[in-house]
Amino acid sequence: MSLIRTEKVCKSFGSLRVLKNVDMHVDEGEVVCIIGPSGAGKSTFLRSLNQLETINSGKIFIDEELFLHREHNATVEKISPEKYKSLLLEMGMVFQSFNLFPHKTVLQNVTLAPINVKKVSKADAEKKAHEVINMVGLGDKINQYPSQLSGGQQQRVAIARALAMEPKIMLFDEPTSALDPELVGEVLGVMKKLAESGMTMLVVTHEMAFARDVADRVLFMADGGIAEEGSPDVLFKNPKNPRTQQFLARVLNRD
Amino acid sequence: MLKKIKGWFYPVTKKLIIILAVVAVVLSSVIILAATKPSINTVDSRISTELKESSGKMYAQATLDFGIFNAVRGQNVKNGKTETYIGIAGDTKKVDDIWAEPFADIVFWMPQLLDGAGTTIKLTITSVTVGIFLSIFLALGKISKFAVLRWPCSAYIFFFRGTPLLMQLFFIYFGLPLINPAMAIQDRFLAAFIAFTLNTAAYVAEIIRAGIQSISKGQFEASKALGLSYAQTMSIIIIPQSIRRLLPPVANEFIMVLKDASLVSMIALSDLTHATRTISNSSSTVLVYIPAMIIYLIITAVFNYIFNKLEKRFSVYE
Ligand SMILES: Nc1ncnc2c1ncn2[C@@H]1O[C@H](COP(=O)(O)OP(=O)(O)OP(=O)(O)O)[C@@H](O)[C@H]1O
Ligand SMILES: [Mg+2]
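Residues numbered from 1 in each chain as written. Chains lettered and ligands numbered in written order. Predicted model: local features only at pLDDT ≥ 70, side-chain atom pairs only at ≥ 80, totals over all residues. Heavy atoms only, no water.

Description of the overall build of chain A
Argument step 1. Broken down by element type, chain A carries nine helices and eleven strands.
Argument step 2. In terms of C-alpha radius of gyration, chain A reaches 18 Å, essentially the compact-globule figure of 18 Å for 255 residues.
Argument step 3. Taken over the C-alpha atoms alone, chain A extends approximately 50 × 45 × 35 Å along its principal axes.
Argument step 4. In chain A, which comprises 255 residues, the share counted as buried stands at 57%.
Argument step 5. Accessible surface for chain A amounts to roughly 10900 Å². Of this, 47% is attributable to carbon and sulfur atoms. (Helix = DSSP H or I, 4+ residues; strand = E, 2+ residues; numbered from the N terminus. Rg over C-alpha atoms; globule rule 2.2 N^0.38 Å. Buried < 20%, exposed > 50% of the residue type's maximum accessible area, 1.4 Å probe, protein only. Areas by Shrake-Rupley, 256 points an atom, 1.4 Å probe, with all protein chains shown as cover.)

Structure (structure tokens):
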């Protein structure tokens, strides 16, 4: 069963066509990594899924239910606001720049959305928060403000914050790109642990080693479309598309 | 947890003991002085019959009760000759010292100055408070994605920032009754309050708009991704973060309004500046400017103090 499926998703910024008929799916329990050169449209695609960008046309299904259907820059099939919200909340998002709320403590960052959006009681929200904060290994930082944490710790809090909403799928947009090299490992470690726990994940990343080790499937995105996809073994060892070969040669040599 | 308890039970420190001791001494001296001051009549009886009789109808008298002392001044308006007596601690003293006289003058001006200062402070605090309230809606309107909100709010802000406050004040007080007598605002303070509130709202709206737009886009995106509504995003995430950045410019606006409040003398409302000028004219003295300016500086200092405290409070997380 696919948790996310897109059909012919198109997105332009002005005259710049960034996404060109993107068809893809992520199945339940799957870890899918998206790799590709800068400007390929990876972030735009991820942001289109959870409505941070509005697509021009295409269909998005969440959990096999229609979430969005647009043609010619207008929504064709309207769904009820409740349904829209519940499907939106099936996706949790982790940003490159963490985007923690600086005026809230770690605990408040994590409980804020469950309390205000899901209307969970404060006690239940805090119980859940302790669970996810311990899962990312920051149980001792619970009353700190984000400014008191390292970048790696902040990103782990951001992961906990998304997890507290109990999403079915986690979207990561280059979660380690803003980190100092020595802090990358702790974040990837948490993500690996999350993958092992069975979480469905869609990860845009430049960390080829992570994609190779953790992904079930890798999508290579170039020029607004998915140019090639396959298991990491096949894609990394035997890329067919010349653009994939070129890209991998460049990034793997650099490592 | 510990932090909270500390806030509630103020620890008994040396500083606290000293403060309490000073307060106790001041309080008891005030009580003793108040109880022992000679009555107004006693002080009044010291004014020479000579002065009273020689001036006849041109005799003017001022009596003041300052709690800890009574003061009486008799004046022959014709020749300006005055006699001033202060009754304090069971004793009545004549003020005829070249050094003491200016102080006696200031003491006698004080009620009028404080009255003016009261108007100034009242106008500043009420109009800035209500103005800030209005400005939040104006700012949100100006950054709204809906043109029907954006347009009028932008126009309002442009208009009130782009025309002189004095002209707005004149329009409201003198202009409106000309359009329709029913629109006349009789109460001068009310007219000034309306003009100042509308004007401040425009200035603060622009401050708030800049504050909100200085918050990174990522904060909006994270809120949206977590399912927060626009109202929740604004009230829980964006506005609390902007408050700290807003405080210094809002404090500045407060002080600007405090000083602009002197414009109300143009509609014959007696604020501190107006009172100062009145006294200066009637007594042909420049001395009155000194206590008046000191009062302005004290008000400004108090505002600054409050805003500094607020700023500290709102920056705990930095
Ligand atoms: N808000 C925007 N307005 C205009 N153009 C945009 C906007 N966002 C992205 N683009 C453009 O869309 C293209 C794809 O951008 P996107 O951020 O999706 O690339 P990416 O694959 O994530 O690249 P990177 O690896 O550098 O993050 C780029 O050419 C970018 O300049
Ligand atoms: Mg990107």
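On we go.
So, the site of ligand 1
Residues and elements named next belong to chain A.
Argument step 1. Near ligand 1, the surroundings consist of 13 residues, among which S38, G39, K42, S43 and T44 are the closest.
Argument step 2. One of the backbone nitrogen or oxygen atoms of G39 is found 2.9 Å away from an oxygen atom of ligand 1.
Argument step 3. For ligand 1, whose accessible area on its own is 630 Å², the fraction buried by protein is 61%.
Argument step 4. At the level of elements, β2 (16-27) and α1 (42-49) are the ones that each hand at least two residues to the shell around ligand 1.
Argument step 5. Ranked by residues supplied to the shell around ligand 1, first place goes to α1 with three residues.
Argument step 6. A per-class count over the shell around ligand 1 returns five nonpolar, six polar and two charged. (Near = heavy atom within 4 Å. Polar contact = N/O pair within 3.5 Å; in protein donor to acceptor, adjacent residues only side chain to side chain. Nonpolar A, V, L, I, M, F, W, Y, C, P; charged D, E, K, R; others polar.)

Overview of helix α6 (residues 181-196) of chain A
Residues and elements named next belong to chain A.
Argument step 1. Counted at 1.5 Å a residue, the expected span for α6 with its 16 residues is 22 Å, and the 23 Å between its end C-alpha atoms agrees.
Argument step 2. Taken together, the buried positions of α6 are occupied by L183, V184, V187, L188, V190, M191, L194 and A195. Projected down its long axis, α6 shows its buried positions confined to an angular sector of 155 degrees, all on one face. Counted as exposed and oriented over 90 degrees from the buried face of α6: E182 and E196.
Argument step 3. At its buried positions, α6 is contacted by β3 (31-35), α4 (122-135), α5 (151-163), β8 (169-173), β9 (200-204) and α7 (208-214). (Expected span 1.5 Å × (residues − 1). Arc of directions from axis to C-beta. Contact = heavy atoms within 4.5 Å.)

Some details on the sheet that holds β2 of chain A
All names here are of chain A.
Argument step 1. In space, the five strands of this open sheet follow the order β2-β1-β4-β5-β6, with antiparallel pairing throughout. With one partner strand each, in any of the chains shown, β2 and β6 (74-75) form the two edges of the open sheet.
Argument step 2. In this structure, strand β5 (residues 65-71) lies alongside β6, joined through two bridges in antiparallel fashion. Bridging across to β6, E71 finds its partner in A74.
Argument step 3. Lying on the sheet, α1 is in contact with β1 (2-13), β2, β4 (57-62) and β5; it crosses β2 at an angle near 60 degrees.
Argument step 4. Contacting β4 and β5, helix α2 (residues 81-88) runs over the sheet at an angle of about 105 degrees to β5. (Pairing = 2+ DSSP bridges. Axes fitted to C-alpha atoms, helices over the stretch in contact; angles between N-to-C directions.)

Brief notes about a nonpolar patch on the surface
All names here are of chain B.
Argument step 1. A surface patch of nonpolar side chains, amounting to about 640 Å² of accessible area, comprises I290, I294, I298, V302, Y305, I306 and L310.
Argument step 2. Mapped onto the elements of the fold, Y305 is located in helix α12 (residues 289-314).
Argument step 3. Exposure remark for Y305: the relative accessible area of 54% places this residue in the exposed category. (Patch = residues over 30% accessible without salt bridge, like charges linked within 9 Å, V, L, I, M, F, W, Y side chains within 5 Å. Salt bridge = Lys/Arg side-chain N within 4 Å of Asp/Glu carboxyl O.)

Focus on the interface of chain A and chain B
Often the size quoted for an interface is simply the accessible area lost on bringing the parts together.
Argument step 1. In this complex, chain A contributes 25 residues to the contact, which on the side of chain B involves 19 residues.
Argument step 2. Each partner contributes to the roughly 1800 Å² buried at the junction of chain A and chain B, and carbon and sulfur atoms together form 64% of this total.
Argument step 3. Taken together, chain A and chain B are joined by one salt bridge.
Argument step 4. For R47 of chain A, the salt bridge identified is with E221 of chain B, shortest N-O distance 2.6 Å.
Argument step 5. Applying the counting rule to chain A against chain B returns six residue pairs in polar contact (both at pLDDT 80 or more).
Argument step 6. Elements represented by at least two residues in the side of chain A that touches chain B include exactly α2, β7 (91-94) and α3 (106-116) of chain A.
Argument step 7. The biggest single contributor to the side of chain A that touches chain B is α3 of chain A, with three residues.
Argument step 8. Residues belonging to the side of chain A that touches chain B are distributed by class as follows: 14 nonpolar, six polar and five charged. (Buried area = accessible area lost by both parts, 1.4 Å probe.)

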